[in-house]
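These are the residues of each chain, in order.
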Amino acid sequence: MSSQTLENTALEIAKRAKDASLNVRSLSTIQKNKVLHNLIQILKESESEIISENKKDMDAGKSKGISDYLLDRLLLDAKRLSNIYKSVEEIINLPDPVGEVVRGITLANGLELSTKRVPIGVVMTIFESRPNVIIDIASLSFKSGNACILRGGSEAFHSNRILSNLFHKALEKEKIDPSCVCFVENTEREAMIPYFQLDHLIDLIVPRGGEALIKFVSQNSKIPVVKHDKGVTNLFVDASADPNIVIPVIINSKTQRPGVCNALENLILHKDYPYTKELFSALEEKGVQLLVEERLLSLTSKGKLVKEEDYDLEFLDLRLSVKTVSGVEEAIPFIQSHSSGHTECILTESATSIHKFQTKLDSAAIFVNCSTRFHDGGEFGLGAEVGISTGKLHVRGPMGLIHLTTTTTFVTGSGQIRS
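Residues numbered from 1 in each chain as written. Predicted model: local features only at pLDDT ≥ 70, side-chain atom pairs only at ≥ 80, totals over all residues. Heavy atoms only, no water.

Re the sheet that holds strand β9 (residues 289-292)
- Taken in spatial order, the seven strands line up as β10-β9-β11-β8-β7-β12-β13 in an open sheet, and their pairing is parallel. For this open sheet the edge positions go to β10 (304-305) and β13 (365-368), each flanked by a neighbour on one side alone.
- Here strand β8 (residues 264-270) pairs with strand β11 (residues 319-325) via five bridges, running parallel. The residue bridging N266 from the neighbouring strand is S321, located in β11. (Pairing = 2+ DSSP bridges. Helix = DSSP H or I, 4+ residues; strand = E, 2+ residues; numbered from the N terminus.)

Here we look at the pattern of salt bridges
- Evaluation of the coordinates by the stated rule reveals 18 salt bridges.
- A salt bridge links E265 to K254; the nearest nitrogen and oxygen atoms lie 2.9 Å apart. Of this pair, E265 sits in strand β8 while K254 is found in helix α10 (residues 243-255), placing the two residues 11 residues apart along the sequence. The pair E265 / K254 is uniform in exposure class, with both members buried.
- The partner of D362 in a salt bridge is R396, with the nearest N and O atoms 2.8 Å apart. Residue D362 is found in the loop between α13 (351-360) and β13, and its partner R396 is found in the loop between β14 (388-389) and β15 (397-398); the two are separated by 34 residues along the sequence.
- Through salt bridges with shared partners, one network takes in D72, R80 and R257. (Salt bridge = Lys/Arg side-chain N within 4 Å of Asp/Glu carboxyl O. Buried < 20%, exposed > 50% of the residue type's maximum accessible area, 1.4 Å probe, protein only.)

Quick notes on the layout of surface pockets
- There is about 940 Å³ of room inside the largest pocket.
- If you go around the largest pocket, you meet 33 residues; those closest to its centre are N83, R130, R257, R373 and D376.
- Mapped onto the lining of the largest pocket, the elements with two or more residues apiece are α4 (68-74), α5 (78-93) and α6 (132-143).
- The element that contributes the greatest number of residues to the lining of the largest pocket is α5, accounting for seven residues.
- Considering only residue class, the lining of the largest pocket consists of nine nonpolar, 10 polar and 14 charged.
- Lining the second largest pocket are 23 residues, with R73, G209, G210, C261 and E314 positioned closest to its centre. (1 Å grid on protein atoms, 1.4 Å probe; cavity = no way out; pocket = protein on both sides within 12 Å on 5 of 7 lines; lining within 4 Å. Points joined across faces, edges and corners; volume = space filled by probe spheres on them. Nonpolar A, V, L, I, M, F, W, Y, C, P; charged D, E, K, R; others polar.)

A look at unusual backbone geometry
- In this model, L393 is joined to H394 through a cis peptide bond whose omega is -5°.
- Checked against the element boundaries, H394 lands in the loop between β14 and β15.
- Located in the positive-phi region is K175, a residue other than glycine, with phi close to 60°.
- Structurally, K175 can be placed in the loop between α7 (157-173) and β5 (181-183).

Structural notes on α6
- Its 12 residues give α6 an end-to-end C-alpha distance of 17 Å, which sits within 8% of 16 Å, the value for a rise of 1.5 Å per residue.
- With 12 of 12 residues buried, α6 lies mostly within the body of the structure.
- Within the span of α6, buried status applies to N132, V133, I134, I135, D136, I137, A138, S139, L140, S141, F142 and K143.
- Taken from the residues just after α6, G145 is the one with a positive phi, measuring 80°. (Expected span 1.5 Å × (residues − 1).)

Let's talk about the UniProt feature "domain: Aldehyde dehydrogenase" (unreviewed entry) in the protein
- Under the local residue numbering, the UniProt record ascribes the feature "domain: Aldehyde dehydrogenase" (unreviewed entry) to residues 10-309.
- The span residues 10-309 shows a helical share of 46% and a strand share of 17%, and its end C-alpha atoms are spaced 39 Å apart. (UniProt positions renumbered as here; feature names shortened; annotations may be inferred.)

Description of the sheet that holds strand β2 (residues 112-119)
- Across the sheet, three strands lie side by side as β1-β2-β16; this open sheet has antiparallel pairing. Whereas interior strands pair on both sides, the edge strands pair on one side only; in this sheet they are β1 (101-106) and β16 (405-412). For this sheet the average axis-to-axis angle between neighbouring strands, irrespective of direction, equals 20°.
- In the sheet, β2 pairs with β16 via eight bridges, with the strands oriented antiparallel. (Axes fitted to C-alpha atoms, helices over the stretch in contact; angles between N-to-C directions.)

Topic: the nonpolar core
- Membership of the largest hydrophobic core comes to 72 residues, with the highest contact counts inside it found for L43, I135, F142, I149, F167, Y195 and I202.
- Counting residues in hydrophobic clusters, the runner-up holds 26 residues, among them L235, A241, L283 and L296. (Core = buried A, V, L, I, M, F, W, Y, C linked by side-chain atoms within 4.5 Å.)

Some thoughts on the side chain of R130
- Counting through the fold element by element, R130 comes out in the loop between β3 (122-127) and α6.
- Summary of buried charges: R130 has no salt-bridge partner, and the nearest side chain of opposite charge, D376, is 5.6 Å away.
- When near neighbours in sequence (up to four residues on either side) are disregarded, R130 contacts R73, R208, R257 and V260. (Lys, Arg positive; Asp, Glu negative; His and termini not counted. Contact = heavy atoms within 4.5 Å.)

Some points on the packing of aromatic side chains
- For the structure on display, the rule yields five aromatic pairs.
- Ring geometry for F142 against F167: centres 6.4 Å apart, planes inclined by 75°, an arrangement best described as edge-to-face. Separated by 25 residues along the polypeptide, F142 in helix α6 and F167 in helix α7 bring together distant segments of the chain. In this structure, F142 and F167 share a single accessibility class: buried.
- With centroids separated by 6.2 Å and ring planes inclined at 35°, the aromatic side chains of F157 and F183 adopt a geometry described as tilted. Here the residue F157 occupies a position in helix α7, and F183 occupies one in strand β5, the gap between them amounting to 26 residues. Each of the two residues, F157 as well as F183, counts as buried.
- A cation over a ring is seen here: R189 above F216, with NZ or CZ 5.4 Å from the ring centre. (Phe/Tyr/Trp six-rings, centres within 6.5 Å; stacked < 30°, edge-to-face > 60°. Lys NZ or Arg CZ within 6 Å of the ring centre and 35° of its normal.)

Structure representation (structure tokens):
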């Protein structure tokens, strides 16, 4: 397409989303929940069609040689669809943040101030691979009174298209403008740039995906960006760590679903941890490829020598980088050097180590003695998430329903003037 055609398409979609946002912001909670109930029913009735469209993406992915772990991110089957229905149900059951009073005060001059949560407006989300995301984001955006523009990756095109079309059916059933959920069909990266210039129509850009995508959006957007960057997740095993939890927690953190952002990528071991060989054996039994320092090679059956650059990679597969340190004081600067600000974890029985770990590290989530896989909007009680923000403004960590709102202060007086 010509650059002019791309610009015209972006402008037309953004205008429709903007117009729809002015209507959806005033819908009642009952109206919004009715649409989401409709959505669940329509998705259930269309299950075979969804799986059929997803198969097109799966077959294309296999023909392109996509890894098994990325194919797993792409898959929609009966179990995954059941989880989508559950996610929408959880969003229905969440309190509607719109209209919540976050500050109410009467000033000395008699002015009454009421600061309430209101929708942001139009939120554009750019995501990769996982088609369940389109329902999560659209549901969260709609329940919070926003319009959304959704642009998924080419690998999930057919899945994304049918899911967005089914959301439109749920909206149309209640005579609500379907443009409050706009799906961008053009998956070329250059087609995104015109949207990034429309700061009078789009209020927020949320990219979630790989490092290259985040950089591309940040460098080209005139619109504020909430970054949902890669997850170089680190876990430190202290010398005092309870051996009864170490192996289960690390196995779960790494292998329960390797291709997601909260899966473990860097394992940091205290040099005096006494059960390193047993831990390595358990990991290798699960198919984990250990990348270790030379001194640890003898403790592995198929380990390879780690490279310094490995500690900066989000593998999204069963590779795991390993580092040994003399204690938490050495683990902390290592994490500070290699972390993406997503998730850090410590396994220890030392209150002193926990305090140092929690106070000296600066990431979206810091875990103690539990799996890193819990860093998730659903697990945090948010119902679902737009993504996990690794930035600091205006949200950090899972971006849920409440984070898709801003505030307006309503001021009521009786003729006061300022002196």
